[in-house]
Amino acid sequence: MTKKDFDWAVKTATKKKKLDCSCAEFMTIEEGLCVQIMHIGPFDDEPTTVAIMDKFLKENGYENDINDKRRHHEIYISDARKVAPEKMKTVIRYPIKKVK
């Protein structure tokens, strides 16, 4: 996404959806090496999906690298106001590092 795209989205959401986007900010994040998984289902079931991701990391010689500088991200694909909980889609992304 470019800054131009971001500015358009903020303007459109503010005008058409009457949303307060004053806290939204455009930033570039250098995430480094990551692993991600698509979670399908309610947010309360995410730990099961994360366990699958953790197992994958361990089997492939990596480990979670969440710390003060590298944080996990969740990308909400579905709109929780419009989609049934069992059909919600969320990308879960964790920073990782090779096990020494």
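Below is a summary of the structure that appears in this document.

Thresholds, definitions, all that
- Residues numbered from 1 in each chain as written.
- Predicted model: local features only at pLDDT ≥ 70, side-chain atom pairs only at ≥ 80, totals over all residues.
- Heavy atoms only, no water.
- Helix = DSSP H or I, 4+ residues; strand = E, 2+ residues; numbered from the N terminus.
- Polar contact = N/O pair within 3.5 Å; in protein donor to acceptor, adjacent residues only side chain to side chain.
- Contact = heavy atoms within 4.5 Å.
- Phe/Tyr/Trp six-rings, centres within 6.5 Å; stacked < 30°, edge-to-face > 60°.
- Buried < 20%, exposed > 50% of the residue type's maximum accessible area, 1.4 Å probe, protein only.
- Lys NZ or Arg CZ within 6 Å of the ring centre and 35° of its normal.

Re the side chain of Arg70
Tracing the sequence through the fold places Arg70 in the loop between strand S2 (62-64) and strand S3 (73-76). Within polar-contact distance, the side chain of Arg70 engages the backbone oxygen of Glu31 at 2.6 Å. Look past the residues within four positions of Arg70 in its chain and what remains in contact with it is Glu31, Gly32, Leu33, Cys34, Asp65, Pro95 and Ile96.

Some remarks on unusual backbone geometry
Backbone geometry at Lys18 places phi at a positive 55°, although glycine is not the residue there. By secondary structure assignment, the location of Lys18 is in the loop between helix H1 (3-16) and strand S1 (34-40).

Quick notes on the packing of aromatic side chains
Applying the stated rule across the entire model yields two aromatic pairs. With a centroid separation of 5.7 Å and an interplanar angle of 50°, the aromatic rings of Phe6 and Phe26 are classed as tilted. Linking Phe6 in helix H1 with Phe26 in the loop between H1 and S1, this pair joins segments that are 20 residues apart in sequence. A relative accessible area of 32% means that Phe26 is categorised as partly exposed. On the basis of an interplanar angle of 75° and a centroid distance of 5.6 Å, the ring pair of Phe43 and Tyr76 is categorised as edge-to-face. On the criterion of sequence distance, the pair formed by Phe43 in the loop between S1 and helix H2 (46-59) and Tyr76 in strand S3 is long-range, its members being 33 residues apart. For Phe43, a relative accessible area of 40% translates into the label partly exposed. Judged by relative accessible area, which is 49%, Tyr76 ranks as partly exposed. The lysine or arginine in question, Lys98, covers the ring of Tyr62, its NZ or CZ lying 4.4 Å from the ring centre.

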